[in-house]
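# Examining the three-dimensional arrangement
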Amino acid sequence: MSIVLLTFFSHNLSVVRHVADDVMVMYLGQAVEHGPKEAIYNAPKHPYTIALLAAAPTVNGHKNDLTLQGELPSPLNPPSGCALHKRCPYAKQQCSEIEPQLREWDGRLVACLRLEEIYG
Ligand code: SF4
């Protein structure tokens, strides 16, 4: 028995959904959410993943209403702390000061400082 591992990079969420078992969502070169495809597509947890899927309403047949503010910063000069903090509707002061690390949350890994407050 052999196991084949392939890494596939794409901005096309429909294609990713069809070819991947495991999905890693990245923002400015950093992983923000990583886990099984079903978990991420059916119930995204990171604000960037939610906004990304909201921008592609045909992917899972429903549309979330989370939209990001502002423009994509330069990857050559990313914001301090969480790279999403200037665009995230959930951002607080700590988000500009602390770089979140991937941690286990609801069956996947998520890099967000405020998961407990957002999801209770
Ligand atoms: S750490 Fe803060 S800015 Fe980053 S995704 Fe979480 S709530 Fe938003």
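Scroll up to find the structure.
In this report, we go over the structure that sits alongside the text. (Residues numbered from 1 in each chain as written. Predicted model: local features only at pLDDT ≥ 70, side-chain atom pairs only at ≥ 80, totals over all residues. Heavy atoms only, no water.)

### Points about the side chain of His 85
As a reminder, the rule being used: Labels follow the DSSP assignment, with helices taken as runs of H or I lasting at least four residues and strands as runs of E lasting at least two, numbered in each case from the N terminus. Burial here depends on accessible area, computed with a 1.4 Å probe over protein chains only, as a share of the maximum for the residue type. Under 20% is buried, over 50% is exposed, and the range in between is partly exposed. Counted as a polar contact is a pair of N or O atoms within 3.5 Å, where, for protein atoms, one must be capable of donating a hydrogen and the other of accepting one, and residues adjacent in sequence contribute only when both atoms are in side chains. In what follows, residue pairs with any heavy atoms lying within 4.5 Å of each other are defined as contacts.
Assignment of secondary structure puts His 85 in the loop between α3 (47-54) and β3 (103-105). According to the relative accessible area criterion, His 85 is buried, its value standing at 16%. From its side chain, His 85 meets the backbone oxygen of Cys 82 in a polar contact 2.9 Å long. Once you skip the residues sitting within four places of it in the chain, His 85 turns out to touch Pro 79, Ser 80, Ala 91, Cys 95 and Ser 96.

### Comments concerning the layout of surface pockets
The condition that has to hold: With a 1 Å grid laid over protein atoms only, a set of points is called a cavity when a 1.4 Å probe fits there but cannot get out and a pocket when it is open yet has protein on both sides within 12 Å along at least five of seven lines; lining residues have an atom within 4 Å of a point. Grid points are joined across faces, edges and corners, and a volume is the space filled by probe spheres set on the points.
Of the volumes computed, that of the largest pocket is approximately 920 Å³. Lining the largest pocket are 25 residues, with Phe 8, Phe 9, Val 16, Val 23 and Met 24 sitting closest to its centre. Looking at the lining of the largest pocket, the elements with two or more residues in it are α1 (13-19), β1 (22-27), α2 (37-42) and α3. For the lining of the largest pocket, the element with the most residues is β1, which contributes five residues.

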